Amino acid sequence: MTDTDIPIPNLTGKLAVVTGTSDGIGQVIATHLARAGAEVIMPVRSAAKGDSAAARIRTAAPGALVTTRSLDLSSLDSVAALTEQLRTEGRPINILINNAGVMTPPSRQETKDGFELQFGTNHLGHFALTLGLLPLLRACTARVTHQTSIAARSGEINWADLNWAAGYDGNKAYSQSKIAVALFARELDARSTAAGWGISSNLSHPGVSPTNLLAAQPGLGRQKDTGLRRAVRIMSRLGIAGTVASAALPALMAATDPAARGDQFYGPKRTLAGAPTLQNKLWTPLRNMADAHKLWEESLRLVGHRFNA
């Protein structure tokens, strides 16, 4: 095992769904899965970007079985449309990797359903997607891997104002969204164990790498790359931070390693970078299962009956 590659079992005949595959970490994950023989569904917001990414994957993995589907995680209608489409097709899903995300828009923005953008996209969108796909995941004892962030090492859930309607702080809202991702991962595994769903749910974090999360994104109100992204590029060149290729490996290990189990946590060996490994302990904000249960119930209330598990 190295910082840029890990052994992946033969996944021929397996179906994987990976969000956030248009570029960056998600595209690397999808490429590895396709090389291992999995059929990969790439739910994407931009059809053009998705098609370009799929073409790059087919070039890197000749013979790859990759298809794109339409998904905007900031729209519950879009999530419902995709989950209904896949349930109608009826093919069991072996691997689901909830990888996509948005990060720190400079001013508060909302999803199409009126949720703070980061909480609504990073957590609620994936929450609804996973519950909507639950019958297909249960059909083949799937593994679900959720991508959290080192931003979840500190911070808390703002229970009094989940949507940051007052006193918006982009960094704190991002931290909350990634804590929520991890708490959902843990509660999903606990509920699966208790109810006999057969699903294993675990979590990963990519460390730090020069992805496009902090790049210029006019749609988020960011007209140029952030200073932090420029700093991360330098750190990556120096080996202090990881690369996009290395940052994809913890999620791949969590999703494909035969030894991986539910409620485990994977990340780079040196936190910011390094070969992927099972983490020794959960970060403090991720430990409280009472919070995980409370978040599940509140998330169900927010997304509505269409996604009730």
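The structure this text deals with has already been given above.
Residues numbered from 1 in each chain as written. Predicted model: local features only at pLDDT ≥ 70, side-chain atom pairs only at ≥ 80, totals over all residues. Heavy atoms only, no water.

Student: So what's going on with empty space enclosed by the protein? Which residues, and what values?
Tutor: What the rule picks out here adds up to 1 cavity of 30 Å³ or more. Each pocket or cavity is described by its volume, and for the largest cavity that value is around 30 Å³. Around the largest cavity sit Asn98, Asn122, His123, His126, His146, Val181 and Phe184, which together line it. At the level of elements, helix H4 (117-132) and helix H6 (170-195) are the ones that each hand at least two residues to the lining of the largest cavity. Examining the composition of the lining of the largest cavity, we find that 3 residues originate from one element, H4, more than from any other. (1 Å grid on protein atoms, 1.4 Å probe; cavity = no way out; pocket = protein on both sides within 12 Å on 5 of 7 lines; lining within 4 Å. Points joined across faces, edges and corners; volume = space filled by probe spheres on them. Helix = DSSP H or I, 4+ residues; strand = E, 2+ residues; numbered from the N terminus.)

Student: So what's going on with the environment of Gln85? Which residues, and what values?
Tutor: If you trace the backbone, Gln85 turns up in helix H3 (residues 76-89). The class for Gln85 is partly exposed, based on a relative accessible area of 36%. Reaching out from Gln85, the side chain makes a polar contact with the side chain of Arg69 at a distance of 3.4 Å. (Buried < 20%, exposed > 50% of the residue type's maximum accessible area, 1.4 Å probe, protein only. Polar contact = N/O pair within 3.5 Å; in protein donor to acceptor, adjacent residues only side chain to side chain.)

Student: Quick rundown of the layout of surface pockets? Include the residues and the values.
Tutor: Space inside the second largest pocket adds up to approximately 200 Å³. Lining of the second largest pocket is provided by 13 residues; of these, Leu11, Lys14, Asn94, Ile95 and Ala255 occupy positions nearest its centre. Residues that form the lining of the second largest pocket fall into these classes: 7 nonpolar, 3 polar and 3 charged. (Nonpolar A, V, L, I, M, F, W, Y, C, P; charged D, E, K, R; others polar.)

Student: Give me the packing of H6 against helix H10 (residues 289-303): which residues, what numbers.
Tutor: For any two helices packed against each other, one specifies the inter-axial angle together with the distance between the axes. Close contact between H6 and H10 brings their axes to 8 Å; oriented N to C, the two are set at 90°. As judged from the angle between their axes, H6 and H10 are roughly perpendicular. Facing H6, whose interface residues are Ala180, Leu183, Phe184, Arg186, Glu187, Leu188, Ala190 and Arg191, H10 presents Met289, Asp291, Ala292, His293, Leu295, Trp296 and Glu297. (Axes fitted to C-alpha atoms, helices over the stretch in contact; angles between N-to-C directions. Parallel < 35°, antiparallel > 145°, perpendicular 65-115°, else oblique. Contact = heavy atoms within 4.5 Å.)

What is shown is where atoms sit, not what they do.
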